[in-house]
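# Survey of secondary and tertiary structure
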Amino acid sequence: MDNDNSYLRRRRRDDDAQPDSFFKLRNWLNIIFMIGAIVGVCVYLALDHQTGIIIVLGAMVFKIVETALRFIH
């Protein structure tokens, strides 16, 4: 059990040491996605279903781009 913990601690330290050049961009893309998803759900529930779905799908584009950047790193 101790070997597993030491591996995880060492691995985590190695990940923290490597700077992520896309970190700020990924954070902004996540913020845009979350705001878009919340707005889309509110529009879906309160106003129009089709418009809400379109807004949520548009927000998902930002999440897909963020995920692609994470895989590039």
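The structure under discussion appears in the preceding block.
First, a word on what this report is: a plain description of the structure on this page. (Residues numbered from 1 in each chain as written. Predicted model: local features only at pLDDT ≥ 70, side-chain atom pairs only at ≥ 80, totals over all residues. Heavy atoms only, no water.)

## Topic: the environment of N30
Positionally, N30 belongs in helix α2 (residues 23-46). Spatially, the C-alpha atom of N30 lies 9.6 Å from that of V65, the residues being 35 residues apart in sequence. Excluding residues within four positions of it along the chain, N30 makes contact with K63 and E66. (Helix = DSSP H or I, 4+ residues; strand = E, 2+ residues; numbered from the N terminus. Contact = heavy atoms within 4.5 Å.)

## Brief notes about α2
With 24 residues, α2 should reach 34 Å at 1.5 Å per residue; the first-to-last C-alpha distance of 34 Å fits that figure. When we look at burial in α2, the residues that qualify are R26, L29, N30, G36, G40 and V43. For α2, the elements touching its buried residues are α3 (49-72). (Expected span 1.5 Å × (residues − 1). Buried < 20%, exposed > 50% of the residue type's maximum accessible area, 1.4 Å probe, protein only.)

## Looking at a nonpolar patch on the surface
Residues V41, Y44, L45, I53, L57, M60 and I64 make up a contiguous nonpolar surface patch of roughly 670 Å² in combined accessible area. Elements represented by at least two residues in the nonpolar patch include exactly α2 and α3. Per-element tally for the nonpolar patch: the top contributor is α3, with four residues. By secondary structure assignment, the location of M60 is in helix α3. (Patch = residues over 30% accessible without salt bridge, like charges linked within 9 Å, V, L, I, M, F, W, Y side chains within 5 Å. Areas by Shrake-Rupley, 256 points an atom, 1.4 Å probe, with all protein chains shown as cover. Salt bridge = Lys/Arg side-chain N within 4 Å of Asp/Glu carboxyl O.)

## Details of the packing of α2 against α3
Interhelical geometry of α2 versus α3 gives an angle of 165° and a closest axis separation of 8 Å. By the angle between their axes, α2 is roughly antiparallel relative to α3. Like other packed secondary-structure pairs, α2 and α3 cross with a definite hand, here left-handed. Residues that form the contact of α2 with α3 fall into these classes: 17 nonpolar, six polar and four charged. (Axes fitted to C-alpha atoms, helices over the stretch in contact; angles between N-to-C directions. Parallel < 35°, antiparallel > 145°, perpendicular 65-115°, else oblique. Left-handed = near helix turned anticlockwise from the far one by under 90°. Nonpolar A, V, L, I, M, F, W, Y, C, P; charged D, E, K, R; others polar.)

## Section: α3
With 24 residues, α3 extends 35 Å from end C-alpha to end C-alpha; this agrees with the ideal 34 Å at 1.5 Å per step. Looking only at α3, the buried set comprises G52, A59, E66 and L69. Against the buried residues of α3 lie α2.

Spatial relationships are all this shows, so hold off on functional conclusions.
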